[in-house]
Amino acid sequence: MSAQVHHITHPLVQHKLTLMRNKDASSTTFRTLLGELAMLMAYEVTRDTPTQQVEIETPLEKMASPMVDGKKLVFASILRAGNGMLDGLLRVVPNARVGTVGLYRDPKTLQAVEYYFKMPADMAERDVIAVDPMLATGHSAVAAIDRIKATHPRSIKFLCLLAAPEGIRTLQAAHPDVPIYTAAIDRELNEHGYILPGLGDAGDRIFGTK
Ligand code: URA
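A brief report on the enclosed structure follows. (Residues numbered from 1 in each chain as written. Predicted model: local features only at pLDDT ≥ 70, side-chain atom pairs only at ≥ 80, totals over all residues. Heavy atoms only, no water.)

Some details on the pattern of salt bridges
Taken as a whole, this structure holds 12 salt bridges when the rule is applied. Salt-bridge contacts for Arg21 lead to Asp186; the nearest nitrogen and oxygen are separated by 2.8 Å. With Arg21 in helix α1 (residues 11-21) and Asp186 in the loop between β12 (184-185) and β13 (188-189), this pair connects stretches of sequence that are 165 residues apart. Among the residues examined, Asp186 registers a relative accessible area of 7% and is labelled buried. For the salt bridge of Arg47 with Glu44, the shortest nitrogen-to-oxygen distance reads 3.0 Å. Residue Arg47 is classed as exposed on the basis of its relative accessible area of 55%. Looking at Glu44, the relative accessible area reads 24%, which means it is partly exposed. Salt bridges here are not isolated pairs; linked through shared partners, they connect Asp69, Lys71 and Lys72. (Salt bridge = Lys/Arg side-chain N within 4 Å of Asp/Glu carboxyl O. Helix = DSSP H or I, 4+ residues; strand = E, 2+ residues; numbered from the N terminus. Buried < 20%, exposed > 50% of the residue type's maximum accessible area, 1.4 Å probe, protein only.)

A word on the site of the ligand
Looking at the ligand, the residues that line it are Met134, Ala136, Gly193, Tyr194, Ile195, Gly200, Asp201 and Ala202. Take Ile195: an N or O atom from its main chain is 2.8 Å from an oxygen atom of the ligand. Within the backbone of Gly200, an N or O atom sits 2.8 Å from a nitrogen atom of the ligand. Here the ligand loses 82% of its free accessible area of 240 Å² to cover by the protein chains. For the shell around the ligand, the class distribution of residues is 5 nonpolar, 2 polar and 1 charged. (Near = heavy atom within 4 Å. Polar contact = N/O pair within 3.5 Å; in protein donor to acceptor, adjacent residues only side chain to side chain. Areas by Shrake-Rupley, 256 points an atom, 1.4 Å probe, with all protein chains shown as cover. Nonpolar A, V, L, I, M, F, W, Y, C, P; charged D, E, K, R; others polar.)

Here's the deal with the packing of helix α2 (residues 27-45) against helix α3 (residues 83-92)
As a packed pair, α2 and α3 sit with axes 7 Å apart at the nearest point and diverge in direction by 45°. If you check the angle between α2 and α3, you find them oblique. Between α2 and α3 lies a crossing whose hand is right-handed. Listed contacts from α3 to Leu34, Gly35, Ala38, Met39, Met41 and Ala42 of α2 are Gly84, Met85, Gly88, Leu89, Arg91 and Val92. Considered class by class, the residues forming the contact of α2 with α3 number 8 nonpolar, 3 polar and 1 charged. (Axes fitted to C-alpha atoms, helices over the stretch in contact; angles between N-to-C directions. Parallel < 35°, antiparallel > 145°, perpendicular 65-115°, else oblique. Left-handed = near helix turned anticlockwise from the far one by under 90°. Contact = heavy atoms within 4.5 Å.)

Digging into the environment of Ala163
Relative to the elements of secondary structure, Ala163 occurs in strand β10 (residues 162-163). As a C-alpha pair, Ala163 and Arg31 span 132 residues in sequence and 19 Å in three-dimensional space. Discounting chain neighbours no more than four positions away, the residues touching Ala163 are Leu135, Ile168, Thr182, Ala184, Ile185, Asp186 and Ile195.

Quick notes on the sheet that holds strand β5 (residues 97-105)
Read across the sheet, 7 strands follow the order β1-β11-β9-β7-β4-β5-β6 without closing on themselves; strand pairing throughout is mixed. Looking at which strands have only one partner, the edges of the open sheet turn out to be β1 (5-7) and β6 (112-118). The average undirected angle you get between the axes of adjacent strands in this sheet is 20°. With respect to the sheet, α2 is in contact with β7 (127-131), β9 (155-159) and β11 (180-182), its orientation differing from that of β11 by roughly 145°. Against the sheet, helix α4 (residues 139-149) contacts β4 (73-78), β5, β6, β7 and β9, and its axis sits at roughly 130° relative to β5. (Pairing = 2+ DSSP bridges.)

Comments concerning the environment of Phe117
Residue position: Phe117 is located in strand β6. For the pair formed by Phe117 and Ile78, sequence separation is 39 residues and the distance between their alpha carbons is 9.6 Å. Every residue in contact with Phe117, bar those within four places of it in the chain, is listed here: Thr100, Val101, Arg147, Ile148 and Thr151.

Some points on the packing of aromatic side chains
Throughout the structure, instances matching the rule amount to 1 aromatic pair. A cation sits over an aromatic face here: Arg147 above Phe117, 3.8 Å from the ring centre. (Phe/Tyr/Trp six-rings, centres within 6.5 Å; stacked < 30°, edge-to-face > 60°. Lys NZ or Arg CZ within 6 Å of the ring centre and 35° of its normal.)

Okay, structure coming up:
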């Protein structure tokens, strides 16, 4: 059985996603909303993060209180659109580590080819959240997770903003152990691999490159 797809239906998440989908949203607005959504989605994707009791002193007395060991978390950005979610994620888990995965699609073989890969040391004790706003065909998500798994992290989750049913099927077939967190599951892909109704090219809209 495949790991769960967590559809984050919180009204604030859905409201901000609607604003982002609007073709008239400027790059500045799009980027700001993506950062806010990343913060809100971080709340859900880190829900089962382990905590440790630490001894502190309130103004009145000593107590043991729970804390997250943020350094155990790795936000692995799948370039380039994944970078659009990093700032928001790091605002809520400031001491998390950051990994980077750069892939391009070979136009002849259509296979994902790696051009950059960097993860923190000691992956066996870390929990990875791989991040790409768009889960479209699923090919780059599968290739990125193949590569991240080769570093033997303690766990991996996949966080996106929008998912196509095709991408979910492809990712679950290749990596049934990786839960997917998304704010929406859209209708389908078009012939160019864009999600419908979608929000267009996330990288272009984040970086203003179109
Ligand atoms: N990547 C995007 O940026 N948008 C899509 O719709 C699909 C993949």
